[in-house]
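Each chain is listed here by its residues.
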Amino acid sequence: MTDFAVLSFLSFFLLCFPPLQKANIHEPVVIEGHTMGTTYRIIYFDEPRHRNFKTSVDSLLVKVNKAINNYDPESEISGLNRSEEGIRFNLPYLPDILKKAKKIFRASGGAFDPTVMPLVNAWGFGPEKTQPPSASSVDSLRQLVGFDKVRFTRKAVKKSDPRVQIDMGGIGQGYGADVISEFLRKKGITHLLVELGGEGVACGENLKKQQTWRIGILDPNSTPDHQFFKAYVTLRDKAFTTSGNYFNYRIINGRKFGHTIDPVSGYPVENSLLSASVFASDCTTADAWATAFMVMGIEKAIAKAKNLRGVDALFIYSAEDGGLKTFVTPGIEKEVILE
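Residues numbered from 1 in each chain as written. Predicted model: local features only at pLDDT ≥ 70, side-chain atom pairs only at ≥ 80, totals over all residues. Heavy atoms only, no water.

### Some words on the overall build of the protein
Which entries qualify depends on this criterion: A run of DSSP states H or I qualifies as a helix once it reaches four residues; a run of E qualifies as a strand once it reaches two. Both are numbered from the N-terminal end. The buried label goes to any residue with under 20% of its type's maximum accessible area, the exposed label to any with over 50%, and the partly exposed label to all in between, with areas taken from a 1.4 Å probe on protein chains only. Contact definition: two residues touch when any of their heavy atoms are within 4.5 Å. Only the protein chains shown count as cover for residues, and all accessible areas are computed by the Shrake-Rupley method using a 1.4 Å probe.
Secondary structure summary: the protein contains 10 helices and 16 strands in total. For the protein, buried positions account for 58% of its 339 residues. Across the protein, contacts joining residues at least 24 apart in sequence account for 64% of those joining residues at least 6 apart. Total accessible area on the protein stands at roughly 15,800 Å², and carbon and sulfur atoms take up 49% of it.

### Things to note about unusual backbone geometry
A cis amide bond, omega 5°, links E47 with the succeeding residue P48. Tracing the backbone shows P48 in the loop between β2 (38–44) and α2 (54–68). One non-glycine residue with positive phi stands out, namely H50, at about 55°. By the secondary structure assignment, H50 is in the loop between β2 and α2. On the basis of relative accessible area, H50 is assigned to the partly exposed category, the value being 36%. Located in the positive-phi region is Q210, a residue other than glycine, with phi close to 55°. Within the secondary structure layout, Q210 lies in the loop between β7 (199–203) and β8 (213–218).

### Remarks on the sheet that holds β2
Rules: A strand pair is defined by DSSP finding two or more bridges across the two strands. Lines fitted to C-alpha atoms define the axes here, with helix axes fitted over just the stretch in contact, and angles between the N-to-C directions of these axes take values from 0 to 180 degrees.
Taking strand neighbours across the sheet as the criterion, the 8 strands line up as β1-β2-β6-β7-β10-β13-β14-β15 in an open arrangement whose pairing is antiparallel. Whereas interior strands pair on both sides, the edge strands pair on one side only; in this sheet they are β1 (29–35) and β15 (324–328). If you compare each strand with its neighbour and ignore which way they point, the axes differ by 10° on average. Where β2 lies against strand β6 (residues 192–196), 5 bridges are found, and the strand directions are antiparallel. If you follow Y40 over to β6, its bridge partner there is L196.

### Topic: the pattern of salt bridges
What counts is decided by this rule: For salt bridges, the criterion is a side-chain nitrogen of Lys or Arg within 4 Å of an Asp or Glu carboxyl oxygen.
A complete count under the given rule lists 11 salt bridges for this structure. Here E27 and K208 are joined by a salt bridge, their closest N and O atoms 3.3 Å apart. Highlighted residues: E27 in the loop between α1 (9–16) and β1 and K208 in the loop between β7 and β8, separated in sequence by 181 residues. In this structure K208 comes out as buried when scored by relative accessible area, which is 17%.

### Section: the packing of aromatic side chains
Selection rule: Each aromatic pair joins two rings of Phe, Tyr and Trp (for Trp, the six-membered one) with centres within 6.5 Å, and gets the label stacked for planes under 30 degrees apart, edge-to-face for over 60, and tilted for any other angle. By definition, being over a ring means that NZ of Lys or CZ of Arg is both within 6 Å of the ring centre and within 35 degrees of the ring normal.
Tallied over the full model, the rule gives 9 aromatic pairs. With a centroid separation of 6.3 Å and an interplanar angle of 35°, the aromatic rings of F45 and W213 are classed as tilted. Taken together, the residues F45 in the loop between β2 and α2 and W213 in strand β8 connect sequence positions 168 residues apart. Comparing F45 with W213 shows no difference in burial state: the two are buried. Here the aromatic rings of W123 and Y267 are separated by 5.5 Å at their centres, their planes lie at 55°, and the arrangement is tilted. Here W123 is found in the loop between α5 (117–122) and α6 (135–142), whereas its partner Y267 is found in the loop between β12 (255–258) and β13 (273–280), with 144 residues between them in sequence. When its relative accessible area of 4% is taken as the criterion, W123 is described as buried. Cluster of aromatic residues (ring-pair linked, three or more members): W289, F293, F315 and F327. We note K102 situated over the ring of F147; from NZ or CZ to the ring centre the distance is 5.1 Å. Its guanidinium or amino end placed over the ring of Y232, R214 lies 4.3 Å from that ring's centre, counting from NZ or CZ.

### Comments concerning the environment of L192
Tracing the sequence through the fold places L192 in strand β6. Expressed as a C-alpha distance, the spacing of L192 and E205, which sit 13 residues apart in the sequence, is 7.2 Å. Once residues within four sequence positions are removed from consideration, L192 is found in contact with I43, Y44, S181, L184, R185, V201, A202, C203 and W213.

Written out as structure tokens, the structure reads:
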């Protein structure tokens, strides 16, 4: 989502690597930087060579951004959004992410829909902070939403309406984490933790601590200046992401609107689901489902999560008495510690 970071990565990093009392023979390579409007941090073990892949990772992320970053006016997706009919691909990333996005679009019944971009912009969650749209404007913009309005092959993509626009904000950071982790695995790295904007991939183990990787899930009552965890999750060979509306929102006429837009209604979602943490074999899938679950709301999200193969979830939602409740799918339940 997430395009939106919901992990306090400083605390997250300390969970993985607390101060040691004595030296350990397993020392990781740690690289970090900026991409997609956020930060990334990568931890991996490459003994005895300790190769540093920062230059290669940064170069790879530049290419990914040139394909899928909506905020880059020169990217392929920006060119697609400006086009009358469509474009031909120059890089492999946009057709790849479109294929994965369409799969989740269909499986979620349209709850995840990258063509929601006109509505995202109208509600002021795009590059410009605009006034909220009128009901008639929302109804008009809804006619432009629907991934069935986009057709693509490995070589090109076409739109059925020139006004259709695609927003990869709900899946792009997860996709970036997958690209990085795949690159490192091809280099022979089997123990790694990739985090990009609060989402990422955990493979193998934390050899420095000689245990499975452990991540923290923020309590929705956290603020940007005071962040604390609601749960801890141990992961091995799993991708992870969390989507929530408690940091990214707008106050309009005294009313709080979260950044997640329902593609069907055209309005920001208003339900009791505060955050959706999703775990899957790849981060692109996890990222897309986290967005979809936030749109669905807690009841539909639980029903869907119970029947998804290869996808697990941890939901934090508001109880009727104002407190917090959680739901964890059976596949990840043994790996979760709730505070």
